[in-house]
Amino acid sequence: MRIQPLLAAIRRERVHHGEEVEMTRRSTQSRVATPAPDGSVTGEVPGSTLWPRPTTPPTSARALYRLHRLLEPNRGYARLARWLEAHPRAYRAFTRTEEKVKGHTFNCQMCGQCALPATGYACPMSCPKQLRNGPCGGVSAEGMCEVYPEEPCVWVVAYERAEQEGREADLTLLQRPIDHRQWGRSSWVNYWQGRDDRLWTEDDGRTSSPRVRAADETA
Ligand code: SF4
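Residues numbered from 1 in each chain as written. Predicted model: local features only at pLDDT ≥ 70, side-chain atom pairs only at ≥ 80, totals over all residues.

A. Structural view of the overall build of the protein chain. Across its full length, the protein chain carries seven helices and zero strands. Each helix and strand of the protein chain, placed in order from N terminus to C terminus, yields the pattern α-α-α-α-α-α-α. Buried positions account for 30% of the 219 residues belonging to the protein chain. Within the protein chain, counting contacts between residues at least 6 apart in sequence, those at least 24 apart form 69% of the total. (Helix = DSSP H or I, 4+ residues; strand = E, 2+ residues; numbered from the N terminus. Buried ≥ 20, exposed ≤ 12 C-beta atoms within 10 Å, placed from the backbone. Contact = placed C-beta atoms within 7 Å.)

Written out as structure tokens, the structure is:
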């Protein structure tokens, strides 16, 4: 068998694979590098890895639920948010600070529409598949991630953290699809501007959905 054609085919395959990886990397970065209101780019995937890595926050859920109370929208925060949006340099600095703080704590990907209060303060966007409504079918019986088997599934982490605080019902809320134009923007500013009000449904949808009857009920 002649080896040259085989080597050429392998080379072509490698180049093709490299192009695919590069395209994925670029699309991941362009997705998070959404322009701020003045058109400048601020967002970056922390660590610029290809896929987000499920992350267990180092801070307890209890502390974060308490901290959240301090950040709840009020007139002062609304005024600050409006001012930041009117001053692009300050907005950029503020967004970078948010990215650093939340990136370190939650592996925040800067989706701009924060789900943390409804997920036990485990970021669903740190799931490699970025699933906002529960785990995929690949989670192992031990609760480990399919993509990073050495890490616990972020939804397992979310459930455990919410359960510790009696908030597991939060996880039955349906997260609506996010607005992809918000990638890289400040979720705090969005929150204070009242843009997060419809991020998730008020109930789990079961009351309005057709109920699936159990086999013994249909008999
Ligand atoms: S839900 Fe979005 S804004 Fe909130 S921590 Fe995760 S990526 Fe960041």
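Moving on from the model shown.
B. Structural detail: the site of the ligand. Around the ligand sit Lys102, Phe106, Cys108, Gln109, Met110, Cys111, Cys114, Ala115, Leu116, Cys123, Met125 and Ser187, and those are all the residues in its vicinity. A class-by-class count of the residues in the shell around the ligand yields nine nonpolar, two polar and one charged. (Near = placed C-beta within 6 Å. Nonpolar A, V, L, I, M, F, W, Y, C, P; charged D, E, K, R; others polar.)

C. Quick look at the nonpolar core. In terms of nonpolar packing, the biggest core is built from 34 residues, with Leu116, Ala122, Cys123, Val154, Trp155 and Ala158 touching the most fellow members. Counting only elements with at least two residues in this core, the list comes to helix H3 (75–86), helix H4 (88–106), helix H5 (154–164) and helix H6 (187–192). Aside from chain neighbours lying at most four places away, what touches Ala158 is Thr119, Gly120, Ala122 and Leu171. (Core = buried A, V, L, I, M, F, W, Y, C linked by C-beta atoms within 7 Å.)

D. Quick peek at unusual backbone geometry. Positive phi values are uncommon outside glycine, yet Asn107 reaches one of about 60°. Secondary-structure assignment places Asn107 in the loop between H4 and H5. The residue Tyr121 is not glycine, and still its phi comes out positive at about 60°.

E. The environment of Arg195, seen in detail. Considering the arrangement of structural elements, one finds Arg195 in the loop between H6 and helix H7 (215–218). C-beta crowding within 10 Å serves as the criterion here: with 17 such atoms nearby, Arg195 is assigned to the partly exposed category. As for Arg195 and Gln113, which are separated by 82 residues in sequence, their C-alpha atoms are 8.2 Å apart.

F. Looking closely at the environment of Glu151. Following the sequence through the fold, Glu151 ends up in the loop between H4 and H5. By the C-beta count within 10 Å, which is 17 here, Glu151 ends up partly exposed. Separated by 95 residues in sequence, Glu151 and Thr56 place their C-alpha atoms 8.8 Å apart. Those residues in contact with Glu151 that lie beyond four places of it in its chain are Arg53, Pro54, Met144 and Cys145.

G. Here's a closer look at the environment of Leu131. By the element assignment, Leu131 lies in the loop between H4 and H5. In this structure Leu131 touches Pro124 and Cys136, once residues within four positions along its chain are discounted.

H. Just the confidence of the model for the protein chain, in detail. Of all residues in the protein chain, 70% attain a pLDDT of 70 or more, and the chain-wide mean is 81. At the low end of the mean pLDDT range in the protein chain sits H7, at 39; at the high end sits H3, at 98. When the criterion is pLDDT under 50, residues 29–35 qualifies, and its contacts beyond four places in sequence or with other chains add up to 22 contacts. Segment residues 39–48: pLDDT under 50, and 26 contacts once partners within four positions in sequence are set aside and those in other chains are kept. (pLDDT = per-residue confidence, 0-100.)

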